[in-house]
Each structure stands twice: as structure tokens, then as C-alpha cells.
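Commentary on secondary and tertiary structure
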Amino acid sequence: MAEKAGKNKLIIILIAVIVLLVIVGGATVWWFMMRSTAAPTPAQIAQQQAQQKLRNTKFIDLGSLVTNLQSTDGNTHYIQVQIQLKTYDPSVETSVKSYMPEIRNGILLLLSAQNADTVSQPAVRDQLLKKIKELVNKVLETDGGALAKPAPEKSPPIAAVYFASFVVQ
């Protein structure tokens, strides 16, 4: 009888160990199989890219530019602007500094072609910002004109252009 009771205890212990191993194994399988390993959604990808852009945002000051304007009244008129370039690639600042004389020259030529009577209008200012952005991106993307055309697969180096000051006299 004592021998039979010992065998029963051994069987109960073995069953308990087997049940415990099955539970641990099931929990392990659930952990690795059911855990969220799905690919990020487009919204999550867009949010990550926006955060990356925010961390990399850089403003580049082109300094103050002064030039004369076209005039219909016979008087001499001047424009003084301070321009800021916005980029999401911090390495662009080095390129801008390398091509600064060419960039400033292009902007001065663009500004000096403006009419003193209309340059202060908001629509004209917006158009100037757009033209300055195109000009700077063209210089940077073509290595100052050394390349035939810009690389189409990349986003432009300059994302936006802003007037930090704008004075017409």
C-alpha cells in the first residue's frame, strides 16, 4: 500500500511538471507570436519623418542685401532685405557658404530688376521668395552651374525662403 501511495505521488508530481511545462511553453509561443511586430502604418512613418525633419531643420542667414530698384518717377530707390533659407539637411549650409558669392549675385540681380512702385506688394514679395528659392536650389543642385541639370530624385536642398527684413526707400 505504501508502495502504491508513493507511485501515486510520483505520477501526480510528473503530471504537475508536464502541465507547468505546457503552460510555460504556451506563454512563450503567445509572447513571440501574438506580440505586435506589424510594420509601421503610413501615419506612423509620416510622423517619424516629420520628427526627423524637425530635428534637422536649419535656417541659414544670407545677410543683408542692398541694391537699387527700377524707377518710373526719375528718383533713385533702394531695397534692403535680409534673407533666411530653410533646409532640412544640415550639410546644405556648407554648400551655401561655398556658393555664397554666386547666390548673393543672383539675388541682387533679381531684386534690382524689380519696380520700386510694385515691389512692396504682398503678391510681388511672395513671387520674389519663390524666385529666390528656385535660384538658390538651382545653384546648389547644379554645383554652381558645373552640372547640366539637377538630380530629380532628391528633394530640393532649400525648403523655403523668408525675408527677415524688407525695406524699400
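Since the structure is predicted, the reported quantities are computational estimates derived from the model, not experimental observations.

Quick look at the overall build of the chain
A count of helices and strands for the chain gives five helices and three strands. The order of α-helices and β-strands along the chain, N terminus first, is α-α-β-β-α-α-α-β. In summary, the chain has a C-alpha radius of gyration of 34 Å against a globular reference of 15 Å for 169 residues, an excess of more than 25%. Principal axes of the C-alpha set define a box for the chain whose edges measure 125 × 35 × 20 Å. Counting the 169 residues in the chain, one finds 23% classified as buried. For the chain, contacts bridging at least 24 residues in sequence account for 72% of all contacts bridging at least 6. Positive and negative side-chain charges of the chain, numbering 17 and 12 respectively, have mean locations separated by a distance of 15 Å.

Notes on the sheet that holds strand β2 (residues 77-87)
Ordered by their spatial adjacency, three strands build an open sheet running β1-β2-β3, and the pairing between neighbours is antiparallel. Two strands close off the open sheet at either side, each with one partner strand: β1 (58-69) and β3 (160-168). Looking at each pair of strands side by side, their axes are set apart by 20° on average, direction ignored. Bridging between β2 and β3 involves eight bridges; their strand directions are antiparallel. Its bridge partner lying in β3, L85 is registered against V161. The strands touched by helix α4 (residues 100-112) are β1 and β2; relative to β1, the strand with the most contacts, the crossing angle is about 45°.

Conventions we followed
- Residues numbered from 1 in each chain as written.
- Predicted model: local features only at pLDDT ≥ 70, side-chain atom pairs only at ≥ 80, totals over all residues.
- Heavy atoms only, no water.
- Helix = DSSP H or I, 4+ residues; strand = E, 2+ residues; numbered from the N terminus.
- Rg over C-alpha atoms; globule rule 2.2 N^0.38 Å.
- Buried < 20%, exposed > 50% of the residue type's maximum accessible area, 1.4 Å probe, protein only.
- Contact = heavy atoms within 4.5 Å.
- Lys, Arg positive; Asp, Glu negative; His and termini not counted.
- Charge placed at Lys NZ, Arg CZ, Asp CG, Glu CD.
- Pairing = 2+ DSSP bridges.
- Axes fitted to C-alpha atoms, helices over the stretch in contact; angles between N-to-C directions.

Function-wise, these values are silent; they only describe arrangement.
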